[in-house]
Amino acid sequence: MSRVSYAIAGAALAAACLGVAAYAQQPSPPPFATTRVDGTDNVYVFRYGNAQSMFVVTSAGVIATDPIGYGRPQAVVTYVDEIKKVSSQPIKYVIYSHHHFDHIAGGKPFKDAGATFVAHKRARERLVALKDPHTVLPDETVDTGRTITLGDTTLELTYIGLNHSDSTLVMRLPKQKVLFAVDFIPVGSVPGRGMIDSYPVEWEDSMKKVLAMDWDKLIPGHPGAPGGRLGTKQDAQNLLTFLQDASAAVKAEAQAGKCWDPVEKELKLPKYEGWAGYETALPFVLRRYCGLWGRGT
Ligand SMILES: [Zn+2]
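Conventions and cut-offs
- Residues numbered from 1 in each chain as written.
- Predicted model: local features only at pLDDT ≥ 70, side-chain atom pairs only at ≥ 80, totals over all residues.
- Heavy atoms only, no water.
- Donors = N, O, S within 2.8 Å, 3.2 Å for Na, K, Ca; no water.
- Tetrahedral: all angles 85-135°; square planar, octahedral: opposite > 155°, others 65-115°.
- Helix = DSSP H or I, 4+ residues; strand = E, 2+ residues; numbered from the N terminus.
- Buried < 20%, exposed > 50% of the residue type's maximum accessible area, 1.4 Å probe, protein only.
- Salt bridge = Lys/Arg side-chain N within 4 Å of Asp/Glu carboxyl O.
- pLDDT = per-residue confidence, 0-100.
- Contact = heavy atoms within 4.5 Å.
- Axes fitted to C-alpha atoms, helices over the stretch in contact; angles between N-to-C directions.
- Parallel < 35°, antiparallel > 145°, perpendicular 65-115°, else oblique.
- Nonpolar A, V, L, I, M, F, W, Y, C, P; charged D, E, K, R; others polar.
- Pairing = 2+ DSSP bridges.

Q: What is the right way to read the coordination of the zinc ion from this model?
A: In a perfect tetrahedron of four donors around a metal, the angles come out at 109.5 degrees. In a perfect octahedron of six, they are 90 or 180 degrees. Donor atoms from the polypeptide that coordinate the zinc ion comprise H98 (NE2), H100 (ND1), H164 (NE2) and D183 (OD), at 2.1 to 2.2 Å from the metal. In this structure, the zinc ion is coordinated by four donor atoms arranged in irregular fashion, with angles at the metal of 90 to 171°. When the donor residues of the zinc ion are listed from N- to C-terminus, their spacing reads H-x1-H-x63-H-x18-D. In this pair, H100 is assigned in the loop between β5 (91-95) and α3 (101-104) and D183 in the loop between β11 (178-181) and α6 (200-212), connecting sequence segments 83 residues apart. Pair check on accessibility: H100 and D183 agree, each one buried.

Q: Is there a simple way to explain the pattern of salt bridges in this structure?
A: Counted according to the given criterion, the structure contains 14 salt bridges. K121 is the salt-bridge partner of D143, the closest N and O atoms lying 3.6 Å from each other. Of this pair, D143 sits in the loop between β7 (140-142) and β8 (145-150) while K121 sits in helix α5 (residues 121-130); the two residues are 22 residues apart in sequence, bridging distant segments of the chain. The class of D143 is partly exposed, set by a relative accessible area of 43%. Owing to a relative accessible area of 36%, K121 belongs among the partly exposed residues under this scheme. Between D166 and R122 there is a salt bridge, with the nearest N and O atoms lying 2.9 Å from each other. Taken together, the residues span a long stretch of sequence, with D166 in the loop between β9 (153-159) and β10 (169-173) and R122 in helix α5 at a distance of 44 residues. The exposure class of R122 is partly exposed, given its relative accessible area of 30%. If you follow the salt bridges from partner to partner, you end up with R122, E125, R126 and D166 in one network.

Q: How should I be thinking about the confidence of the model for the chain in this particular structure?
A: Note that predicted coordinates carrying low pLDDT should not be read in detail. Chain-level statistics for the chain give a pLDDT mean of 92 and a share of 91% at 70 or above. The element-level mean pLDDT for the chain is lowest in helix α1 (residues 3-25), coming to 44, with strand β6 (residues 116-120) highest at 99. Below pLDDT 50 for its whole length, residues 1-23 participates in one contact with residues either more than four positions away or in separate chains.

Q: Would you take a moment to explain the packing of α6 against helix α9 (residues 278-295) for this structure?
A: When two helices pack together, their arrangement is given by the angle between the helix axes and by the axis-to-axis distance. With their axes 10 Å apart at the nearest point, α6 and α9 run at an angle of 110° to one another. With respect to α9, the element α6 is oriented roughly perpendicular. Residues P200, V201 and E204 of α6 touch α9, and the partners they reach there are R288, Y289 and L292. Partitioned by chemical class, the residues of the contact of α6 with α9 number four nonpolar, no polar and two charged.

Q: Looking at this structure, I do not really get the sheet that holds strand β1 (residues 32-36). What am I missing?
A: Each strand in a sheet pairs with another by means of backbone hydrogen bonds, the pair being arranged parallel or else antiparallel. As summarised here, the arrangement of the seven strands in space is β1-β2-β3-β4-β5-β6-β7, forming an open sheet in which the pairing is mixed. The sheet is open, and its two borders are formed by β1 and β7, each paired with just one other strand. On average, adjacent strands in this sheet sit at an angle of 20° to one another, irrespective of strand direction. Sheet strands in contact with helix α2 (residues 73-86) are β1, β2 (43-48), β3 (51-58), β4 (61-65) and β5, and its direction is about 150° off that of β2. The strands that α5 touches are β6 and β7; relative to β6, the one it contacts most, it runs at about 105°.

Q: Sorry if this is basic, but what is going on with unusual backbone geometry here?
A: Glycine aside, residues mostly have negative phi angles, and peptide bonds mostly take the trans form. Here the amide bond leading from A225 into P226 is cis, since omega sits at 0°, within 30 degrees of zero. Of note, the bond from C259 into W260 is cis; its omega dihedral lies within 30 degrees of zero at 10°. Positioned with a positive phi, I68 is a non-glycine residue whose angle comes to about 45°. One non-glycine residue with positive phi stands out, namely D183, at about 75°.

So, in structure tokens, the structure goes:
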């Protein structure tokens, strides 16, 4: 080995060691966190593990959203405790973003606190059929939309059609220009396994409706990448472009008979390599579009 090669090898080893050291020093995030949204005095994000939800403190009570207690009832007890730390007001509402259990299971502590549960009507229909013992049934349902006014705060609930599920309500605070939208607009990351019951054609339409709304900050249902950040309209536009690119790429392959395996194993979308979850989630995206363009489902 030449002197230069030794030098390069030494530098590589040093870099590798530094890398290991840097990794070892990365503090793991705390199990949960409550954060007030910048630019507001009453909008909070409660994160527990890898899921999060919004709650809003008003002069006449608290509006909470998804309990995020799937398989971890302690998360919901913590959620209620965290609300109590910032407000002595009663918890008046729990609004479900959609019917998936990873976001809405575990609401009993909110029910015990006297909250009224609200969801899209299709969410209630599904929950009545599924009878999940850990999920509180909605008391009230929304069809196309509803505005909740509590004290000094207005919260708009809007059904924007089929997307990641058939029961999604987006929640918008018009004064604060904050949007809470779960699962169908992942921030800085590729939508993954949870695409299973999604509606890819209509999803694009619902993205256009979200982009036409007046908001500045997006609270996603899972922490945004990188660093757990909130989203912007640019993130929403990027996600729409991703869906359109993935759809067009698979459509061409599907019509050439390449679904399922050749597409899932070989098709890449290198423009999105830098997004969180690219390697693991992309095959699920491709499978869904193979279902659409290769199978007609
Ligand atoms: Zn979901």
